[in-house]
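# Structure at a glance
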Amino acid sequence: MTASDYRKDFPLLQNEDTIYIDNAATAQRPQAVLDAVKVFYETENANPLRGFYPLSLKATESCENARATVRDFIHATSKKEIIFTRNTTEGLNLVAYSYGLSHLKAGDEIAVTIMEHHSNLLPWQMVARQTGAELKFMECETDGTLTDETIQTVINEKTKLVAVAQVSNVLGCVNPIEKIVARAHEVGAVVVMDGAQSVPHMPVDVQKLDVDFMAFSGHKLMGPMGIGVLYGRKVLLEEMPPFLTGGEMIDSVTREGAVFAELPYKFEAGTVNAAGAAGLAAAIDYLNQVNFDFIQEQELALTQRAMEGLAKVPHVHVMGSEDPANHTGIISFTVEGVHPHDVSEILASDGIDVRAGHHCAQPLLTYLGVHSSTRASFMFYNTLDEVDAFVKSVASIRRRMGYEE
Ligand code: PMP
């Protein structure tokens, strides 16, 4: 199978007029995912985990099969460690509200990197505000590197929690999770990993990485919107208080109180997005079928071609590493004298979809002295022709804005 064979699986990509390279924002869905959602609603739809009639049992089974698929995909030890959420943001907030507020106190420190998405920063700002703990930043080099010295000094005896993205949504760099985890565990801190940009592009093994929590979104790995996953180490989840309370997450309720359900249901208040879970499982099956070796090879070739092309365009600056292998298919760039909103509008007029702005990572852009940027992000189903059209369009921008070169 080639990339163009796989491309046929994506209904939206059959529109020849659109070059979709905003995959870090959300990916496109293959037919298998659309079918899985449809099959759920057409043949399995009932409230899962509630009824004892066959249809509800079918819905429950579909949901639990999806949970097992996720467990195997990220190599968790048990289904109890897989909590269905709406998205990465909700998973990270769950950890902040449930673990953060109950475990941190004044005098403690929370370590984050300067490149965190706001979803993995604002929850920790909230925890710091409410508990009196202090937020500390691991600052990176301009290519995104976090040095050993930074890791060793920012994570110290006071650190109780470290929040870090495996892959930056702006620079695309892969952070040294193993080193961060080793240091965090050495000082007795837990590690919360944001897997939003890594899980769709590389094999992620939570046991090998030894992270304590990891959140990701279904929609970035070709699954439906509105379904996400929080992985948590069982011993930690077991002693954490619930995040949201209500139906579905209890064993018994009296007028005064409640006994909460066992894992993972304690953290799944209300009706779970079972159709979304079925779609997510189909997306994972599809990813596994394509396989990460092929995905990585393809995405590297696309990134390499784009970086080589952009390097030849005067006044264009690519942010982050010079090595395409350290971009995970993400290229953020600036065009001198042209606002990224104009860059993206010109690209859009050529049928090219990219993201422009601060990418929900304002502290990183401020730190790097860049107000905003344009971001192209590739998925294995993009083609070299699309990359060439993108580079050609970028090369025309300054002229189209009235510059002489
Ligand atoms: N973290 C990172 C690194 C991201 O790129 C994103 C999505 N842009 C998020 C978190 C938030 O994902 P979601 O909006 O699906 O919650």
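Residues numbered from 1 in each chain as written. Predicted model: local features only at pLDDT ≥ 70, side-chain atom pairs only at ≥ 80, totals over all residues. Heavy atoms only, no water.

The name that an unreviewed UniProt entry assigns to the chain is Cysteine desulfurase, with the source organism given as Coprococcus intestinihominis. For the record of the chain, the UniProt heading Catalytic activity (unreviewed entry) holds the text "(sulfur carrier)-H + L-cysteine = (sulfur carrier)-SH + L-alanine". Comment text from UniProt for the chain, heading Function (unreviewed entry), reads "Catalyzes the removal of elemental sulfur and selenium atoms from L-cysteine, L-cystine, L-selenocysteine, and L-selenocystine to produce L-alanine." (UniProt positions renumbered as here; feature names shortened; annotations may be inferred.)

## So, the domain arrangement of the chain
With domains assigned, the chain is organised as domain 1 (33-287) and domain 2 (291-400). Averaged C-alpha coordinates put domain 1 and domain 2 at centres separated by 29 Å. With 29 residues of domain 1 in contact, the opposing surface of domain 2 contributes 28 residues. With both chains or domains summed, domain 1 and domain 2 bury close to 2,400 Å², and 64% of this area falls on carbon and sulfur atoms. The three residues of domain 1 that bury the most area against domain 2 are V170, L171 and H201, which together make up 28% of that side's buried surface. At the boundary of domain 1 with domain 2, the tally comes to 0 salt bridges. (Domains from an automatic or database assignment. Contact = heavy atoms within 4.5 Å. Buried area = accessible area lost by both parts, 1.4 Å probe. Salt bridge = Lys/Arg side-chain N within 4 Å of Asp/Glu carboxyl O.)

## Thoughts on the UniProt feature "domain: Aminotransferase class V" (unreviewed entry) in the chain
Look at the UniProt record and you will see "domain: Aminotransferase class V" (unreviewed entry) annotated at residues 19-390. Between the C-alpha atoms that bound residues 19-390 there is a distance of 8 Å. The span itself is 40% helix and 17% strand. (Helix = DSSP H or I, 4+ residues; strand = E, 2+ residues; numbered from the N terminus.)

## Brief notes about the confidence of the model for the chain
A residue-level look at the chain finds 100% of positions with pLDDT of 70 or above and a mean pLDDT of 97. Reported confidences for the modelled complex are a pTM of 0.98 and an ipTM of 0.99. (pLDDT = per-residue confidence, 0-100.)

## Description of the sheet that holds strand β14 (residues 355-357)
The strand order across the open sheet built from 4 strands is β11-β12-β15-β14, with neighbouring strands paired in antiparallel fashion. The open sheet has two edge strands, β11 (316-318) and β14, and neither has a second partner. The sheet shows a mean angle of 30 degrees between the axes of neighbouring strands, taken without regard to direction. Inspection of the sheet shows strand β12 (residues 330-335) paired to strand β15 (residues 373-377) by 4 bridges, in the antiparallel sense. Along β15, the bridge assignment pairs I330 with S377. Of the strands in this sheet, β11 and β12 are in contact with helix α11 (residues 292-311), which crosses β12 at around 15 degrees. Helix α12 (residues 340-349) contacts β12, β14 and β15 of the sheet and is inclined by roughly 160 degrees relative to β14. (Pairing = 2+ DSSP bridges. Axes fitted to C-alpha atoms, helices over the stretch in contact; angles between N-to-C directions.)

## Digging into the packing of aromatic side chains
This model, assessed by the stated rule, comprises 13 aromatic pairs. Above the plane of the ring of Y403 lies R398, whose end atom (NZ or CZ) is 3.9 Å from the centre. (Phe/Tyr/Trp six-rings, centres within 6.5 Å; stacked < 30°, edge-to-face > 60°. Lys NZ or Arg CZ within 6 Å of the ring centre and 35° of its normal.)

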